[in-house]
Amino acid sequence: MRRTNPPFFATWVLEHLTPGDRNNALSGDLLEEFRSGRSTSWYWRQVLSAVAINSAREIRSHLFVFAFAALWTIPSRAWWIFAFWSAAHSAGFILPWPYATTLGMAILVFLSLWAGLAAYVLLYSITERNSNLEGAGRGLWIGPLVFSIITVAIRPLYRPLGLSILHWEAITLFVYFLSLTASAWKIKPRAASESKAKVS
Amino acid sequence: MEEMAERNYLGELELMIVLAVIYLDDEAYGVPISRELEKHRKREVSVSSVYAALDRLEGKGLISSRLGEATQERGGKARRYFQVTQEGLRTIHQTRRVLTTLWQKLPELERKTS
């Protein structure tokens, strides 16, 4: 017996990885086609193609964010060395608590991310000639959250994989780059987003 | 020269999509447009690539769109209908003229392929 609904997970992927009002029409079209006799593999191919096309479009429209995050991450290496050194040498004395060093480093990393976000907002508002931006408030917590989650998740892998301190530094810098990119991802002029909402 | 630089010329997929939109008239939304392309290209079409091209064409002002009714068979999601604008019609005529002129310069090739 033929199923009337497409695979749940494929639909979930489609709706969560290709968000936006315009993609509602695409989602409805795929469902209509599936119910008119298309196969499950056809549905999956269409979903994966939609995700790839949407991702490519998102990346193209955020090239400025990537460039800024990369440029901010490179000099931040110096900041990192200072942060780790000072946290490792002082936090344990100032705060008599086992995780004081980690906390100290985290605070310094978060400060660096927030400084990066502030610099991005300033640069973006100058280039766009529009200081009425939205998404910066979200960026304040997204960056630290992304950094914390990824760092905690990959921490247990260092020893089994036999990674050196240089690997660790490179990975951490990449995580920092991703976190800053995530912070600035949704920043856009408020007026443009409102007019877009009206059109769609 | 300046006039030429301002003109829009359509790529292969874009031209096919605009022609399908004109042909389908009031029924021009994602599913029939994709079916029409599949029928003539004789291979599977990614519906999202059709939408990406439609978005580009809409951005250039060559087509316009409106939301239609949401139906149960589509999971309550509305159809998005497309229509060619006057600028779109001008552009396909221009593209056709350019292609025809180029083909006429190659009579031998035309004889071989026909």
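Just so you know, these numbers come straight off a predicted model, no measurement behind them.

About the cut-offs
- Residues numbered from 1 in each chain as written.
- Chains lettered and ligands numbered in written order.
- Predicted model: local features only at pLDDT ≥ 70, side-chain atom pairs only at ≥ 80, totals over all residues.
- Heavy atoms only, no water.
- Phe/Tyr/Trp six-rings, centres within 6.5 Å; stacked < 30°, edge-to-face > 60°.
- Helix = DSSP H or I, 4+ residues; strand = E, 2+ residues; numbered from the N terminus.
- Buried < 20%, exposed > 50% of the residue type's maximum accessible area, 1.4 Å probe, protein only.
- Salt bridge = Lys/Arg side-chain N within 4 Å of Asp/Glu carboxyl O.
- pLDDT = per-residue confidence, 0-100.
- Expected span 1.5 Å × (residues − 1).
- Axes fitted to C-alpha atoms, helices over the stretch in contact; angles between N-to-C directions.
- Parallel < 35°, antiparallel > 145°, perpendicular 65-115°, else oblique.
- Left-handed = near helix turned anticlockwise from the far one by under 90°.
- Contact = heavy atoms within 4.5 Å.
- Nonpolar A, V, L, I, M, F, W, Y, C, P; charged D, E, K, R; others polar.
- 1 Å grid on protein atoms, 1.4 Å probe; cavity = no way out; pocket = protein on both sides within 12 Å on 5 of 7 lines; lining within 4 Å.
- Points joined across faces, edges and corners; volume = space filled by probe spheres on them.

1. Description of the packing of aromatic side chains
Residues and elements named next belong to chain A.
- Under the defined criterion, the tally for this structure stands at 14 aromatic pairs over all chains.
- Note on Phe66 and Trp185: the rings are 5.7 Å apart at their centroids and 75° apart in plane angle, and the pair reads as edge-to-face. With Phe66 in helix H4 (residues 63-94) and Trp185 in the loop between helix H8 (165-184) and strand S2 (188-189), this residue pair connects regions lying 119 residues apart in the sequence.
- Residue class for Trp185 comes out partly exposed when judged on its relative accessible area of 22%.

2. Here's the deal with the pattern of salt bridges
- Per the stated rule, a full pass over the model turns up 18 salt bridges over all chains.
- For Lys39 of chain B, the salt bridge is made with Glu36 of chain B, and the minimal N-O distance between the two is 3.5 Å. One end of the pair is Lys39 of chain B and the other is Glu36 of chain B, both in helix H3 (residues 30-41) and three residues apart, which spans about a single turn.
- A single salt-bridge network, built from bridges that share partners, covers Asp29 and Glu32 of chain A together with Glu69, Glu73, Arg74 and Arg79 of chain B.

3. Description of the confidence of the model for chain A
- When pLDDT is averaged along chain A, the result is 82, and 81% of the positions lie at 70 or above.
- No element of chain A has a lower mean pLDDT than helix H9 (residues 190-199) of chain A, which averages 52, and none a higher one than helix H3 (residues 40-61) of chain A, which averages 91.

4. Focus: helix H6 (residues 136-154) of chain A
- The first and last C-alpha atoms of H6 of chain A sit 27 Å apart over 19 residues, in line with the 27 Å expected at 1.5 Å per residue.
- Taken together, the buried positions of H6 of chain A are Gly139, Ile142, Gly143, Pro144 and Phe147 of chain A.

5. What about the packing of H6 of chain A against H8 of chain A?
Residues and elements named next belong to chain A.
- The interhelical angle for the contact between H6 and H8, taken along N-to-C directions, is 150°, at an axis separation of 8 Å. Relative to H8, the element H6 is oriented roughly antiparallel. Note that H6 runs across H8; the crossing there is right-handed. For the pair H6 and H8, contact is made by Arg138, Gly139, Ile142, Gly143, Val146, Phe147, Ile150, Thr151 and Ile154 and by Ile171, Thr172, Val175, Tyr176, Leu178, Ser179, Ala182 and Ser183, respectively.
- Residue classes in the contact of H6 with H8 are distributed as 10 nonpolar, six polar and one charged.

6. Structural notes on empty space enclosed by the protein
All names here are of chain A.
- All told, the structure shown has one cavity of 30 Å³ or more when counted by the stated rule.
- Considered as a void within the structure, the largest cavity measures approximately 30 Å³ in volume.
- Mapped onto the lining of the largest cavity, the elements with two or more residues apiece are H6 and H8.
- With three residues, H8 is the largest single contributor of residues to the lining of the largest cavity.
- In terms of residue class, the lining of the largest cavity is built from four nonpolar, two polar and no charged.

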